[in-house]
Amino acid sequence: ELKVEQNPLFLSMQEGKNYTIYCNYSTTSDRLYWYRQDPGKSLESLFVLLSNGAVKQEGRLMASLDTKARLSTLHITAAVHDLSATYFCAVVFGNEKLTFGTGTRLTIIP
Amino acid sequence: KAGVTQTPRYLIKTRGQQVTLSCSPISGHRSVSWYQQTPGQGLQFLFEYFSETQRNKGNFPGRFSGRQFSNSRSEMNVSTLELGDSALYLCASITRTGAPEQYFGPGTRLTVT
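The paragraphs below set out a description of the structure included in this document. (Residues numbered from 1 in each chain as written. Chains lettered and ligands numbered in written order. Predicted model: local features only at pLDDT ≥ 70, side-chain atom pairs only at ≥ 80, totals over all residues. Heavy atoms only, no water.)

1. Structural notes on the packing of aromatic side chains
Working step 1: Applying the stated criterion across every chain yields a total of 10 aromatic pairs over all chains.
Working step 2: Taken together, a centroid distance of 5.6 Å and an interplanar angle of 90 degrees make the contact between Phe100 of chain A and Tyr35 of chain B edge-to-face. Here Tyr35 of chain B lies in strand 4 (residues 31-38) and Phe100 of chain A lies in strand 10 (residues 98-100), a pairing that spans two chains. Each of the two residues, Phe100 of chain A as well as Tyr35 of chain B, counts as buried.
Working step 3: Ring geometry for Phe100 of chain A against Phe104 of chain B: centres 6.3 Å apart, planes inclined by 65 degrees, an arrangement best described as edge-to-face. Here the residue Phe100 of chain A occupies a position in strand 10, and Phe104 of chain B occupies one in strand 10 (residues 101-104), the pair thus bridging two chains.
Working step 4: Using a relative accessible area of 8% as the deciding quantity, one classes Phe100 of chain A as buried.
Working step 5: An aromatic cluster is built from Tyr33, Tyr35, Phe88 and Phe100 of chain A together with Tyr35, Phe45 and Phe104 of chain B, whose rings are joined through pairwise contacts. (Phe/Tyr/Trp six-rings, centres within 6.5 Å; stacked < 30°, edge-to-face > 60°. Helix = DSSP H or I, 4+ residues; strand = E, 2+ residues; numbered from the N terminus. Buried < 20%, exposed > 50% of the residue type's maximum accessible area, 1.4 Å probe, protein only.)

2. What to know about the interface of chain B and chain A
Working step 1: Counting residues at the interface gives 19 residues for chain B, matched by 17 residues for chain A.
Working step 2: For the pair chain B and chain A, the summed buried surface comes to about 1500 Å²; carbon and sulfur atoms form 58% of the total.
Working step 3: Among the residues chain B hides against chain A, the three largest losses belong to Leu43, Pro100 and Gln102 of chain B. Together they make up 35% of the total.
Working step 4: Scanning the region where chain B abuts chain A turns up 0 salt bridges.
Working step 5: Listing elements by their share of the side of chain B that touches chain A, those giving two or more residues are strand 4, strand 5 (42-50), strand 6 (53-57), strand 9 (87-95) and strand 10 of chain B.
Working step 6: Counted by class, the side of chain B that touches chain A contains 9 nonpolar, 5 polar and 5 charged residues. (Contact = heavy atoms within 4.5 Å. Buried area = accessible area lost by both parts, 1.4 Å probe. Salt bridge = Lys/Arg side-chain N within 4 Å of Asp/Glu carboxyl O. Nonpolar A, V, L, I, M, F, W, Y, C, P; charged D, E, K, R; others polar.)

3. Re the nonpolar core
Working step 1: Core analysis: the largest hydrophobic core is formed by 25 residues, its most contacted members being Leu32, Trp34, Leu74 and Tyr87 of chain A.
Working step 2: At the level of elements, strand 2 (10-14), strand 3 (19-25), strand 4 (31-37), strand 5 (43-49), strand 7 (61-66), strand 8 (71-76), strand 9 (85-92) and strand 11 (104-109) of chain A are the ones that each hand at least two residues to this core.
Working step 3: By residue number, the principal contributor to this core is strand 9 of chain A, which donates 4 residues.
Working step 4: Leu11, Leu21, Val78 and Leu110 of chain B belong to the second-largest nonpolar core, a separate cluster that totals 21 residues. (Core = buried A, V, L, I, M, F, W, Y, C linked by side-chain atoms within 4.5 Å.)

4. Notes on the layout of surface pockets
Working step 1: The calculated volume of the largest pocket comes to roughly 1200 Å³.
Working step 2: Considering the residues around the largest pocket, the lining is formed by 43 residues, among which Phe88 and Gly101 of chain A together with Gln41, Gly42 and Leu43 of chain B are closest to the centre.
Working step 3: For the lining of the largest pocket, the secondary structure elements donating two or more residues are strand 9, strand 10 and strand 11 of chain A together with strand 4, strand 5 and strand 9 of chain B.
Working step 4: Along the lines of polarity and charge, the residues of the lining of the largest pocket split into 17 nonpolar, 19 polar and 7 charged. (1 Å grid on protein atoms, 1.4 Å probe; cavity = no way out; pocket = protein on both sides within 12 Å on 5 of 7 lines; lining within 4 Å. Points joined across faces, edges and corners; volume = space filled by probe spheres on them.)

5. Concerning the state of the cysteines
Working step 1: The tally for this structure, following the rule as stated, stands at 2 disulfides over all chains.
Working step 2: Paired by a disulfide, Cys23 of chain A and Cys89 of chain A hold their sulfur atoms 2.1 Å apart. Measuring handedness by torsion sign, the sulfur bridge of Cys23 of chain A and Cys89 of chain A sits at about 80 degrees and is right-handed. Highlighted residues: Cys23 of chain A in strand 3 and Cys89 of chain A in strand 9, separated in sequence by 66 residues. When sorted by exposure, Cys23 of chain A lands in the same class as Cys89 of chain A, which is buried.
Working step 3: The disulfide partner of Cys23 of chain B is Cys91 of chain B, and the gap between their sulfur atoms is 1.8 Å. With the S-S dihedral at roughly -55 degrees, the linkage between Cys23 of chain B and Cys91 of chain B falls on the left-handed side. (Disulfide = S-S within 2.5 Å.)

Have a look at this one:
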């Protein structure tokens, strides 16, 4: 059974600082997604990572994938308050079923 | 381009009742998946449909069922509701052309009392 672990579960960081969220998964995967969820809202797609070494960047967020280590990272650069949200990684293997991590609740403190 | 539509957005039911939720995917998308989100269990896969056929099913009891119509709209039904069925139910519209993306609808928040 595919398992996906995220850490940390909770993260408070000051504006302007950098930090990284980690996503580990247990078996070979076809692709990996990162989503953002604001309180009471749905999931917003951030990145799709398809192959080993893939790196994608959008604004202050950068995601990377290491399929050999079964690890993806979401790096936040110079955090701003608007980035406060819960971030999920999700892994797909063999079909379109997404297996989600537990989520990382990120709070940016002014 | 219109996004994923889910109706209703909010629903309150009592134990023992049944409920039907609807999802209309992005135009041209023929695959739809359903997920349940609860504070305790997180996001869990319910089912996936492609061209009216169920391709995958998650580990949920038989009270949870779904279907997809020829226009790609999908419905899920929960019978004999239990308190633990209170959750946010999310539908994802899946594109199979180009980079595979799964776009989520706004969700239906179901409260069972």
